[in-house]
Amino acid sequence: MRLDKYLKVARVIKRRTVANEACDDAHVSANGRAVKASYQVKEGDILEIAFGTRTLKIRVVSVAEHAQKSDAAAMYEVLSQ
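To keep things clear, this report deals only with the structure shown in the data block. Keep in mind that what you see is a predicted model, and the values were worked out from it rather than measured.

On the surface, Lys8, Arg11, Lys14, Arg15 and Lys69 cluster together into a patch of positive charge. By the secondary structure assignment, Lys69 is in helix 3 (residues 69-72).

As structure tokens, this is what we get:
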């Protein structure tokens, strides 16, 4: 699944266009390197998302095309905020 879509489905970022812009502006890295929105997310990937002055570090637990609001938080594990 594309990175921008994963961030939206997992509800880390509210809108896909915002997720796409964050990737294009190098605010998102996967496994220690900056990636574009087209990066294919896999289980076990470590993602770092910069939100202004704070950084969210998560591990991808599962990749699903669709997720209910209650199931979205189970798609990733927060490592640090």
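Moving on, there is more to tell.
Moving on, we come to the pattern of salt bridges. What the rule picks out here adds up to 4 salt bridges. A salt bridge links Asp4 to Arg2, with the nearest nitrogen and oxygen atoms 3.2 Å apart. Of the residues examined, Asp4 reaches a relative accessible area of 2% and is grouped as buried. Among the residues examined, Arg2 registers a relative accessible area of 32% and is labelled partly exposed. Put simply, Glu77 and Arg59 hold a salt bridge, and the shortest N to O gap is 3.0 Å. Here Glu77 is found in strand 5 (residues 76-80), whereas its partner Arg59 is found in strand 4 (residues 54-60), with 18 residues between them in sequence. The exposure class assigned to Arg59 is partly exposed, which follows from its relative accessible area of 32%.

As a further point, take the nonpolar core. Counting residues in hydrophobic clusters, the biggest one holds 24 residues, and the most contacted among them are Leu3, Tyr6, Leu7, Val12, Leu47 and Ile49. Considering every element that reaches this core, the biggest residue donor is helix 1 (residues 3-9), with 4 residues.

This part covers the side chain of Ser29. Of note, Ser29 is situated in strand 1 (residues 28-30). Setting aside residues up to four positions removed in sequence, Ser29 forms contacts with Ala34, Val35, Ile46, Leu47 and Glu48.

Here we come to the side chain of Asp4. Relative to the helices and strands, Asp4 resides in helix 1. For Asp4, the side chain forms a polar contact with the side chain of Arg16, separated by 3.3 Å. Residue contacts for Asp4: discarding those within four places in its chain leaves Arg16, Ala19, Asn20 and Ala37.

In spatial order, the strands read 2-1-3-4-5; together these 5 strands make up an open sheet with antiparallel pairing. Strand pairing shows two members of the sheet lacking a second neighbour, strand 2 (33-34) and strand 5, which therefore form its edges. Pairing analysis gives 4 bridges linking strand 4 to strand 5, with the strands arranged antiparallel. Within strand 5, the residue paired with Ile58 across the bridge is Val78.

Reading guide: rules and limits
- Residues numbered from 1 in each chain as written.
- Predicted model: local features only at pLDDT ≥ 70, side-chain atom pairs only at ≥ 80, totals over all residues.
- Heavy atoms only, no water.
- Patch = residues over 30% accessible without salt bridge, like charges linked within 9 Å, V, L, I, M, F, W, Y side chains within 5 Å.
- Areas by Shrake-Rupley, 256 points an atom, 1.4 Å probe, with all protein chains shown as cover.
- Salt bridge = Lys/Arg side-chain N within 4 Å of Asp/Glu carboxyl O.
- Lys, Arg positive; Asp, Glu negative; His and termini not counted.
- Charge placed at Lys NZ, Arg CZ, Asp CG, Glu CD.
- Helix = DSSP H or I, 4+ residues; strand = E, 2+ residues; numbered from the N terminus.
- Buried < 20%, exposed > 50% of the residue type's maximum accessible area, 1.4 Å probe, protein only.
- Core = buried A, V, L, I, M, F, W, Y, C linked by side-chain atoms within 4.5 Å.
- Contact = heavy atoms within 4.5 Å.
- Polar contact = N/O pair within 3.5 Å; in protein donor to acceptor, adjacent residues only side chain to side chain.
- Pairing = 2+ DSSP bridges.

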